[in-house]
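Below are the chains, spelled out letter by letter.
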Amino acid sequence: MTFGDFRVVYLGGMGRSGSTLAERLLGELPGVCAAGEVVHLWQRGVTDNERCGCGTDFGCCEFWSAVADAAFGGWSKIDPRRIADLRASVDRTRFIPQLARRSVPEAMRRDLAEYTDYYTRLYQAAARVSGCPTVVDSSKHASLAFCLSRRDIDLRVIQVVRDSRAVAYSWTTLVPRPEAGAGSYMTRYSPARAAAEWNTQNASLQLLARGKTPVLRVRYEDLVGGVKPTLRLISGFAGLTLDEPGLAFVGGGEHGQWAELGRAHTAAGNPMRFTTGKITIRADDRWQTAMPGSQRRTVTALTLPLLRHYGYTGRDGR
Ligand SMILES: [Zn+2]
């Protein structure tokens, strides 16, 4: 199999940092196919038959059925439990130090090759079926980015960063998961846990950037503050050809921006993936008034070095 005919843009970072919005916007660009959080596709899509971003049950989605046929000869030919086992043996945050080495330990090598084979075949098939050479995977986990970086594919990683206080606040709130049925909600973290995870994911992606994989850091706040310039920046990084008509789905100015979103076959991820039509884009800064002061101070203290590094705080740490 050759890997010269597709490219993967991987959205990495801590959950609730705006990666779903970034993916939906990227998915509107010419030649780009937004696949959703592929890391969860095997369980939530193939096994649990949750809804695709197009609204159809995953098993009935024509796009993913065609991708499965092209990649594996159908979903029945793969065993999601095998992929879960492989994931447990290579795609974990605790394995990043090994994955970051020049040479991966012998014991991991075979599992890593088999595990990433599923992804590369899926990306290649998604590119072929959609007719879009660039596939966006918004799986977010730094560990999967490291796994994929070991493959001989055109991989470009976008580190989506958002203020840790906003992220931690979001992780304390209850967000329903409509695709999983009534009473199902997205995972919640305590502010301290979210802060620790934010540090880990972002520091790991910075480590990845020190190797050969191209990594572009994009702040959520800059994206929502200037959609067009940020998409131009990302397009340049991702090697996309983008002209003004290609950005016609974005409009507005300083006092409010909007984007017109079509249907996308995003396999798993934040409920925002079901949104279609015209959406207003503005910074979600509820945390600034709704987050208890004690939580805010905790998260600020725990994440201060990187918060400063990313330009979120002044010298006084506020
Ligand atoms: Zn679909």
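Everything below is about the structure printed above this text.
Reference entry: report on the structure contained in this document.

Okay, the packing of helix 7 (residues 142-149) against helix 9 (residues 191-209) next. Closest axis-to-axis distance for the helix 7/helix 9 pair is 9 Å, and the angle between their directions is 20°. The pairing of helix 7 with helix 9 is recorded here as roughly parallel in orientation. In this structure, helix 7 crosses over helix 9, and the sense of that crossing is left-handed. Within the contact between the two elements, helix 7 uses Ala142, Ala145, Phe146 and Ser149 and helix 9 uses Gln201, Ser204, Leu205, Leu207 and Leu208. Residue classes in the contact of helix 7 with helix 9 are distributed as six nonpolar, three polar and no charged.

Note on metal sites: the ideal angle is 109.5 degrees for four tetrahedral donors, and 90 or 180 degrees for six octahedral donors. The coordination sphere of the zinc ion contains the protein donors Cys52 (SG), Cys54 (SG), Cys61 (SG) and His265 (ND1), at a distance range of 2.1 to 2.4 Å. The coordination sphere of the zinc ion comprises four donor atoms, whose angles at the metal cover 96 to 120°; the geometry is tetrahedral. Considered as a linear motif, the donors of the zinc ion on their single chain read C-x1-C-x6-C-x203-H. Placement of the pair is Cys54 in the loop between helix 2 (38-47) and helix 3 (62-72) and His265 in the loop between strand 7 (256-261) and strand 8 (277-281), with a sequence separation of 211 residues. Relative accessible area serves as the criterion here: at 12%, Cys54 is assigned to the buried category.

In this section: the sheet that holds strand 6 (residues 250-253). The sheet built from three strands is open, its strands ordered 6-7-8 with antiparallel pairing. Among the strands making up the open sheet, the edge pair consists of strand 6 and strand 8. The average undirected angle you get between the axes of adjacent strands in this sheet is 20°. In this structure, strand 7 lies alongside strand 8, joined through five bridges in antiparallel fashion. By the bridge assignment for strand 8, Glu260 is matched with Lys278. Contacts from helix 11 (residues 227-238) reach strand 6, strand 7 and strand 8 within the one sheet, and its direction differs from that of strand 6 by about 135°.

What counts and what doesn't
Throughout this document, residue positions are counted from 1 along each chain, in the order its sequence is written. It should be noted that, the model being predicted, local features are given only for residues of pLDDT at least 70 and side-chain atom pairs only at 80 or more, the latter also being counted only at that level, while totals for whole chains, interfaces and linings use all residues. Water and hydrogen atoms were dropped before computing side-chain values, which therefore reflect all heavy atoms in the structure. The angle between two axes is taken between their N-to-C directions and runs from 0 to 180 degrees, where each axis is a line fitted to C-alpha atoms and a helix contributes only its stretch in contact. Strands are runs of DSSP state E lasting at least 2 residues, helices are runs of H or I lasting at least 4, and numbering of each runs from the N terminus. Between 65 and 115 degrees an angle is taken as roughly perpendicular, under 35 as roughly parallel, over 145 as roughly antiparallel, and anywhere else as oblique. Crossing handedness: left-handed means the near helix sits turned counterclockwise from the far one by under a right angle, and right-handed means the same turn made clockwise. Note on contacts: a residue pair qualifies if any of its non-hydrogen atoms lie within 4.5 Å across the two residues. In the scheme used here, Gly and all other residues not listed as nonpolar or charged are polar, with Ala, Val, Leu, Ile, Met, Phe, Trp, Tyr, Cys and Pro taken as nonpolar and Asp, Glu, Lys and Arg as charged. Metal donors were taken as nitrogen, oxygen and sulfur atoms no farther than 2.8 Å from the ion, or 3.2 Å where the ion is Na, K or Ca. Water is excluded, so coordination may look unfinished. Angle rules define the geometry names used: all angles between 85 and 135 degrees makes four donors tetrahedral, while opposite donors over 155 degrees apart and all other angles between 65 and 115 make four donors square planar and six octahedral, leaving every other case irregular. Throughout, exposure labels follow a simple rule: accessible area from a 1.4 Å probe, protein chains only, divided by the maximum for the residue type, with under 20% read as buried, over 50% as exposed, and the rest as partly exposed. By the convention used here, strands pair only if DSSP detects at least 2 bridges between them.

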